[in-house]
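Structure assessment
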Amino acid sequence: MKADRLLSILLLLQTRGQVSATELAERLEVSVRTIYRDVESLSAAGVPVFTERGRHGGIGLLPGYRTDVTGLTADEARALFVLSAQGAHSDLGLDGALGSALRKVMAALPAPHRPAAERISERILVDPARWMHGTASPAGAGPDLGELQYAVFADRRLRLRYRHSGTPAPVEYTVDPYGLVSKAAVWYLVADLNGEPRLFRADRVLAAETTEEVVRRRSGVGLGDVWAVLRDQIERLPKEVPVRVRVRRGRLDLFLRIHGGRVAAQPPEAGIGPAEDWVEVAMVFPAPAAARSLLALGADVEVLAPPAARRELARAAAEALRLYHEQPS
């Protein structure tokens, strides 16, 4: 709509200063001719907008002109306040800044939109933490995310002491960071290692030090590009192992709350039939050894197939038996 576009131009000029007609046309996905017609409309409405020709010219507002019109619709206002529940700002130490920004937005909102925006925090809660993972920050086991942030924004190389999964001894790397990504409540550092894209979990970083060396990013490559490559690599990993289990019906609800993310097909409802009956459930795991987590429910869950997963649980149970059979000293 033209009204939305005029407001977008006005807000861009307020925040960016003088902007070329070509850039405005690209950002708003219209022609340059349309931008000039919109500028004429703004001028006719009393907005002190001007244009300057030449290589360093552009479109701008007279110095000192401001408007307190936010242009937010009711849905846009609600969306901003849902943002406050996402959790990523807490890990980055931006709680205070976000709260202050939202208070300013609230003050500038049209009066009819304020009640709906206020109710968002009372009616919508987004908890990004996964079940059974506690409330600790994903980076709590390693350095504060602040050091990783600093290297990213300072465009400096980063020296890491990093512990890989399943490897007891940490290793040291000097990487070229592109940025930070929060995925499923877990923070990752996206960086190049010797010119190749790599992903580092923040909670496995044991120490981080920003160097004085300028970052050596690949030309024309940004965070989104590197993340897309890494995400594609992860999603193309070998398919997960199908595992067939049976669960006592009386424990099926608890089983699904804990392991629901691994269930491949919806099982029968828990309440239909005696609690002692068994219900078969199809699951997937990244490897047979990962099925060891099913031991948490003891004899209420049995792995039926594949044999490799049954052997893994048998080994895990035998290890636990040996451990607890020994008398403590």
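Description of the structure in this document.

The rules behind the values
- Residues numbered from 1 in each chain as written.
- Predicted model: local features only at pLDDT ≥ 70, side-chain atom pairs only at ≥ 80, totals over all residues.
- Heavy atoms only, no water.
- Core = buried A, V, L, I, M, F, W, Y, C linked by side-chain atoms within 4.5 Å.
- Buried < 20%, exposed > 50% of the residue type's maximum accessible area, 1.4 Å probe, protein only.
- Helix = DSSP H or I, 4+ residues; strand = E, 2+ residues; numbered from the N terminus.
- Contact = heavy atoms within 4.5 Å.
- Pairing = 2+ DSSP bridges.
- Axes fitted to C-alpha atoms, helices over the stretch in contact; angles between N-to-C directions.

In this structure, Ile9, Leu13, Leu24, Ile35, Val49 and Ile59 are the most contacted members of the largest nonpolar core, which totals 18 residues. Only α1 (2-16), α2 (21-28), α3 (32-44) and β2 (58-61) provide two or more residues apiece to this core. Top element by residues in this core is α1. It accounts for 6 residues. Apart from the residues lying within four places of it in its own chain, the contact partners of Leu13 are Val19, Leu24, Val49, Ile59, Gly60 and Leu61.

Between Ala305 and the following residue, Pro306, the backbone shows a cis peptide bond with an omega angle of 0°. With respect to the secondary-structure elements, Pro306 resides in the loop between β10 (301-305) and α11 (307-325). We note that Glu29 has phi near 60°; this positive angle belongs to a residue other than glycine. Although it is not a glycine, Asp155 sits at a positive phi angle of roughly 55°. Considering the arrangement of structural elements, one finds Asp155 in the loop between α8 (145-154) and β3 (156-162). Exposure remark for Asp155: the relative accessible area of 32% places this residue in the partly exposed category.

The next point concerns the sheet that holds strand β5 (residues 186-193). Taken in spatial order, the 5 strands of this open sheet run β6-β5-β4-β3-β7, and their pairing is antiparallel. Looking at which strands have only one partner, the edges of the open sheet turn out to be β6 (196-201) and β7 (205-214). Averaged over all adjacent pairs, the angle separating strand axes in this sheet is 45°, with direction ignored. Judged from the 5 bridges that link them, β3 and strand β4 (residues 171-183) form a sheet pairing that is antiparallel. Within β4, the position partnered with Leu160 by the bridge is Tyr173.

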